[in-house]
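Single-letter residue listing:
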Amino acid sequence: MDERSPDVIVVGAGNAALCAALAAAEAGARVLVLERAPEAESGGNSRFTAGAFRCVYDGVDDLRALMPDLTDAEVASADFGTYTEAQFFDDMGRITEYRTDPELCELLVTRSRPTMRWMQGRGVRFMPIWGRQAYQVGGRFRFWGGLTVEAWAGGPGLIDTLYRLARSAGVVIRFGARATGLIADDDGVHGVSVRQGGQTAQLRAKAVVLACGGFESNPEWRTRYLGPGWELAKVRGTRFNTGEGLRMALEIGAAAFGNWSGCHAVGWDRNAPDFGDLAVGDGFQKHSYPLGVLINAAGERFVDEGADFRNFTYAKYGRAILAQPGQFAWQVFDAKVAALLRDEYRIKRATKVRADTLEALAGKLEDVDAGRALATLQAFNAAVMTDVPFDPNVKDGRGTVGLALPKSNWANRIDTPPFEAFAVTCGVTFTFGGLKIDRGARVIDQDGEAIPGLYAAGELVGGLFYNNYPGGAGLMAGSVFGKIAGASAAAFGAA
């Protein structure tokens, strides 16, 4: 293909962008992908993820269609349950406080399964999330929280596979190519301005798909839209998501949409670098807090660690941590739950302390009121409902009694040494505000009309998530709307 005359230009090279490129190429379009990052850092936030996809399945047969490598023995050893369309809709409504856009939500849910089948049919491999979404009880794995499937080899494996598939389909990918503006007039969008190697050029195309992420890596925009203090947050993923795609679209009259003051923000190692480290990947996250307690600088608990499965609270608790004095907290566990902690707690670069008594542990919690922390832990231990059985696979109702701030599930006394604590701060994954699109992923302008030739997918689409986010829905949304955007762009170019 002559890359100077593509039918479709895709801006970005993460999961959503590559699904768009594949769908457009599948429809017969000549496709050029522009990736701002150098090849070694390419793939957007998708390369930094663990690769989980939240998708509809009605039973193990649906999962075996997605994961043909599953053996009979593996199926027999696990309770995969179901995750129906009704459950997905319920979770999206509940988690977003029923603000999620009905049309976008309907597309996400109803197209999740066929989109996964499409990806699998093209060559993307999936596997069960054995290590993070299922505890083994009585010799049998039980999956929980509606999250069962991940890409083989996580986010890096997903991106490497999508690159290979895209190139095999004839897609051209240019790295270090920063899109700086849209070529647009009254008739719509006709290409992009791109800067590469110190030179700026105009690349024309019949249609453009924007799939280059939100603004989480732009501290000025974070402070402007998320609020004071957000410039202090760390970024979980790529350093290149600075809102350029959003800016380009807004400059030509695209409508802003969704929760611009909201974001996906998690507990992240306090001493992690300012941006994601591909050598560590998602290992700086610390998501086993439902099994312990969170203590702030004042020595107090500040969230209900067991309010729900971590899939439904982790994306908002980063904001809660950022709001604490010093923008940090400590997660505290004892030996009873050590074997249940996720693998990220065992990396060498974890900020942690260890002690054989609670008194000694409280004294090691850097920047924390040790006396108050010890009193908080002792009061928590006295309040645990020990008569209710502990079961990490379900919301077990094993909570606390008499505390001003209860723990609703998975409450265990922290009384068995050695005790460990991990220091966390806020890590931003992606921002929720974005562009308004229709069912065909066409970008809508401020007058409510589609902008001819302009499409969007992935994290720069607004309207899906508000205040919170169900785990695995981000990659799923990227794939669903990426596929729609690519097919729509190709059809527009062929018209």
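For the structure itself, consult the block above.
Residues numbered from 1 in each chain as written. Predicted model: local features only at pLDDT ≥ 70, side-chain atom pairs only at ≥ 80, totals over all residues. Heavy atoms only, no water.

A word on the pattern of salt bridges. Here the structure, examined in full by the defined rule, presents 34 salt bridges. Arg113 is paired through a salt bridge with Asp62; the nearest N and O atoms lie 2.7 Å apart. Of this pair, Arg113 sits in helix H6 (residues 112–122) while Asp62 sits in helix H2 (residues 60–66), and the two are 51 residues apart along the sequence. What makes Arg113 partly exposed here is its relative accessible area of 25%. Judged by relative accessible area, which is 23%, Asp62 ranks as partly exposed. With its nearest N and O atoms 3.8 Å apart, the salt bridge here joins Asp274 to Lys234. Highlighted residues: Asp274 in the loop between strand E16 (263–269) and strand E17 (293–295) and Lys234 in strand E14 (residues 234–235), separated in sequence by 40 residues. (Salt bridge = Lys/Arg side-chain N within 4 Å of Asp/Glu carboxyl O. Helix = DSSP H or I, 4+ residues; strand = E, 2+ residues; numbered from the N terminus. Buried < 20%, exposed > 50% of the residue type's maximum accessible area, 1.4 Å probe, protein only.)

This part takes up the packing of helix H1 (residues 15–26) against H6. Relative to each other, H1 and H6 sit at 75°, their axes nearing to 12 Å. In terms of their interaxial angle, H1 and H6 are classed as roughly perpendicular. The residues of H6 that touch H1, namely those facing Asn15, Cys19, Leu22, Ala23 and Glu26, are Trp118, Met119 and Arg122. Looking at the contact of H1 with H6, its residues break down into five nonpolar, one polar and two charged. (Axes fitted to C-alpha atoms, helices over the stretch in contact; angles between N-to-C directions. Parallel < 35°, antiparallel > 145°, perpendicular 65-115°, else oblique. Contact = heavy atoms within 4.5 Å. Nonpolar A, V, L, I, M, F, W, Y, C, P; charged D, E, K, R; others polar.)

Our next topic: the side chain of Thr148. For Thr148, the location among the structural elements is in the loop between strand E7 (140–143) and strand E8 (149–151). Separated by 2.7 Å, the side chains of Thr148 and Tyr57 make a polar contact. Filtering out sequence-adjacent residues up to four positions away, Thr148 remains in contact with Tyr57, Leu63, Phe80, Met127, Pro128, Ile129 and Phe143. (Polar contact = N/O pair within 3.5 Å; in protein donor to acceptor, adjacent residues only side chain to side chain.)

This next bit is on the environment of Thr431. Within the fold, Thr431 resides in strand E20 (residues 419–431). Not counting residues up to four positions away in its chain, the partners in contact with Thr431 are Gly214, Phe215, Glu216, Leu226, Gly262, Cys263 and Glu459. Here the side chain of Thr431 touches Phe215 through a polar contact of 3.1 Å, landing on its backbone nitrogen.

It is worth spelling out the nonpolar core at this point. With 128 residues, the main nonpolar core has Leu210 and Phe481 as its most contacted residues. In contact with Leu210, not counting residues within four places along its chain, are Val11, Leu182, Gly245, Met248, Ala249, Leu435, Leu454, Tyr455, Ala456, Ala457 and Leu460. Counting 23 residues, the second largest nonpolar core, distinct from the first, contains Leu361, Ala411, Ile414 and Ala421. (Core = buried A, V, L, I, M, F, W, Y, C linked by side-chain atoms within 4.5 Å.)

Two numbers describe how H1 lies on helix H14 (residues 473–494): the axes approach to 7 Å, and their chain directions differ by 35°. Considering how the two elements wind past one another, H1 and H14 form a crossing that is right-handed. Each of Asn15, Ala16, Cys19, Ala20, Ala23 and Ala24 in H1 lies in contact with H14, whose residues at this interface are Leu475, Gly478, Ser479, Gly482, Lys483, Gly486, Ala487 and Ala490. Residues that form the contact of H1 with H14 fall into these classes: eight nonpolar, five polar and one charged. (Left-handed = near helix turned anticlockwise from the far one by under 90°.)

This part takes up the sheet that holds strand E9 (residues 172–175). Strands sit in the order E9-E2-E1-E13-E23-E22 across an open sheet of six strands; the sheet is mixed. Each having just a single partner strand, E9 and strand E22 (442–444) make up the two edges of the open sheet. When the angles between neighbouring strand axes are averaged without regard to direction, this sheet yields 30°. (Pairing = 2+ DSSP bridges.)

Next up on the list: the sheet that holds strand E3 (residues 52–53). Strands sit in the order E3-E8-E5 across an open sheet of three strands; the sheet is antiparallel. Taken across any chain shown, the strands that pair with only one partner, and hence form the sheet edges, are E3 and strand E5 (126–128). As paired strands, E5 and E8 are joined by three bridges and run antiparallel to one another. Note on E8: the bridge partner recorded for Phe126 is Ala151.

Glancing now at the layout of surface pockets. If you add up the space inside the largest pocket, you get close to 300 Å³. Considering the residues around the largest pocket, the lining is formed by 22 residues, among which Gln87, Trp144, Gly145, Gly146 and Phe309 are closest to the centre. Among the secondary structure elements, those contributing two or more residues to the lining of the largest pocket are helix H4 (85–95) and E7. Per-element tally for the lining of the largest pocket: the top contributor is H4, with three residues. Residues of the lining of the largest pocket, tallied by class, amount to nine nonpolar, seven polar and six charged. As a volume, the second largest pocket reaches approximately 190 Å³. (1 Å grid on protein atoms, 1.4 Å probe; cavity = no way out; pocket = protein on both sides within 12 Å on 5 of 7 lines; lining within 4 Å. Points joined across faces, edges and corners; volume = space filled by probe spheres on them.)

With twelve residues, H1 extends 16 Å from end C-alpha to end C-alpha; this agrees with the ideal 16 Å at 1.5 Å per step. Most of H1 sits out of view: eleven of its twelve residues are buried. Among the residues of H1, those classed as buried are Asn15, Ala16, Ala17, Leu18, Cys19, Ala20, Ala21, Leu22, Ala23, Ala24 and Ala25. Positive phi appears at Gly28, one or two residues downstream of H1, with a value of about 100°. (Expected span 1.5 Å × (residues − 1).)

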